[in-house]
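So the chains spell out like this:
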Amino acid sequence: MLTATKENRDGKQFVLLGGTIDETDDLAKVIGMPTGPLIVSCRDLTRINSVGVKNWMKYFSQLQQNKLQFEFEELSVALVEQVNIVKNFACGGPVLSIAMPFRCNSCQTGLTGAIKTEVVRSMNFNIAPVQCPKCGGSAEFDDVAEEYFSFLTRS
Ligand SMILES: [Zn+2]
């Protein structure tokens, strides 16, 4: 089930999405229609199925048609997968930041951070390791960069 927490941030409407999106979720009902620029934070969206993708695109393409501005931040790993394989998944909305999976070399702990897409570009898609919060070891990016960032390399 999709959940949406709404707040106002510097005059912009902000919605934090969580849970899952499938055939039972009507985004227009859960999020509502924004009256101005909307920032969509997707950090806690854990799963989206194929019908969920259709529901997602129906909602955001309607916003696009209505000339409403929207941006995405902290696209979760599940959504990064979709934006890489589904054409026009973001419906013209810029993706400001994405979730990044890391895995510790020493203790195998998985962790997720967020990174701005402009930083990924400036690092030329070479992601530096981060420190493991559990054992202090080195945690490396736990995916294939060419695939994970492929949507950023499209013109
Ligand atoms: Zn560790």
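Residues numbered from 1 in each chain as written. Predicted model: local features only at pLDDT ≥ 70, side-chain atom pairs only at ≥ 80, totals over all residues. Heavy atoms only, no water.

Trainee: Describe the environment of Phe 125, and please don't skip the residues or the numbers.
Mentor: By the secondary structure assignment, Phe 125 is in the loop between α4 (117–122) and β7 (130–131). Since its relative accessible area comes to 21%, Phe 125 is described here as partly exposed. Put simply, Phe 125 and Ala 145 are 20 residues apart on the chain and 6.7 Å apart in space, counted from C-alpha to C-alpha. Leaving out residues up to four positions away in the same chain, Phe 125 has contacts with Val 120, Ala 145, Phe 149, Leu 152 and Thr 153. (Helix = DSSP H or I, 4+ residues; strand = E, 2+ residues; numbered from the N terminus. Buried < 20%, exposed > 50% of the residue type's maximum accessible area, 1.4 Å probe, protein only. Contact = heavy atoms within 4.5 Å.)

Trainee: Can you break down a negative patch on the surface residue by residue, with the values?
Mentor: Where like charges cluster on the molecular surface, the negative patch consists of Glu 81, Asp 143, Glu 146 and Glu 147. By the element assignment, Glu 147 lies in helix α5 (residues 145–148). (Patch = residues over 30% accessible without salt bridge, like charges linked within 9 Å, V, L, I, M, F, W, Y side chains within 5 Å. Areas by Shrake-Rupley, 256 points an atom, 1.4 Å probe, with all protein chains shown as cover. Salt bridge = Lys/Arg side-chain N within 4 Å of Asp/Glu carboxyl O. Lys, Arg positive; Asp, Glu negative; His and termini not counted. Charge placed at Lys NZ, Arg CZ, Asp CG, Glu CD.)

Trainee: Which residues make up the pairing of strand β3 (residues 38–48), and what are the values?
Mentor: Within a regular beta strand, the side chains point alternately toward one face of the sheet and then the other, so they alternate between its two faces. Sheet topology note: the strand β2 (residues 12–21)/β3 ladder contains eight bridges and is parallel. Residue pairing across strands places Phe 14 opposite Ile 39, the latter belonging to β3. Of the pairings in the sheet, the one linking β3 to strand β4 (residues 70–73) comprises four bridges and is parallel in character. Residue pairing across strands places Leu 38 opposite Phe 70, the latter belonging to β4. (Pairing = 2+ DSSP bridges.)

Trainee: Break down the coordination of the zinc ion for me, with residues and values.
Mentor: The protein atoms that coordinate the zinc ion are Cys 104 (SG), Cys 107 (SG), Cys 132 (SG) and Cys 135 (SG), at distances of 2.3 Å. Read N to C, the donor residues that coordinate the zinc ion are spaced as C-x2-C-x24-C-x2-C. In this pair, Cys 107 is assigned in the loop between β5 (97–104) and β6 (110–116) and Cys 135 in the loop between β7 and β8 (138–141), connecting sequence segments 28 residues apart. By relative accessible area, Cys 107 is classed as partly exposed at 31%. (Donors = N, O, S within 2.8 Å, 3.2 Å for Na, K, Ca; no water.)

Trainee: Lay out the sheet that holds β5 in plain terms, naming residues and giving numbers.
Mentor: Across the sheet, four strands lie side by side as β6-β5-β8-β7; this open sheet has antiparallel pairing. Since the sheet does not close on itself, it has two edges, and those belong to β6 and β7, each with one partner. Pairing of β7 with β8, which is carried by two bridges, proceeds in the antiparallel orientation. In the sheet register, Gln 131 faces β8, and the bridge partner there is Ser 138.

Trainee: How would you summarise the nonpolar core if you had to cite specific residues and measurements?
Mentor: Trp 56, Phe 60, Phe 72, Leu 75, Ile 98, Met 100 and Phe 149 are the most contacted members of the largest nonpolar core, which has 44 residues in total. With residues near it in sequence (within four places) discarded, Ile 98 still touches Glu 74, Leu 75, Val 80, Gly 113, Ala 114, Ile 115, Thr 117, Tyr 148, Phe 149 and Phe 151. (Core = buried A, V, L, I, M, F, W, Y, C linked by side-chain atoms within 4.5 Å.)

Trainee: Provide a residue-level description of helix α2 (residues 50–65), including the pertinent values.
Mentor: Quick reminder: α-helices carry 3.6 residues per turn. Residues three or four places apart thus point the same way. Under the 1.5 Å per step criterion, the end-to-end length of α2 is 22 Å for 16 residues, consistent within 8% with the ideal 22 Å. Among the residues of α2, those classed as buried are Gly 52, Val 53, Asn 55, Trp 56, Tyr 59, Phe 60 and Leu 63. Angular distribution of buried residues about the axis of α2 spans 165°; they occupy a single face of the element. The exposed residues of α2 that point more than 90 degrees off its buried face are Ser 50, Lys 54, Lys 58 and Gln 65. Along its buried surface, α2 packs onto β2, α1 (27–31), β3, β4 and α3 (77–85). Capping of α2 at its N-terminal end is provided by Asn 49; its side-chain oxygen lies 3.2 Å from the backbone amide nitrogen of Val 51. Positive phi shows up at Lys 67, right after α2, with a value of about 60°. (Expected span 1.5 Å × (residues − 1). Arc of directions from axis to C-beta. Polar contact = N/O pair within 3.5 Å; in protein donor to acceptor, adjacent residues only side chain to side chain.)

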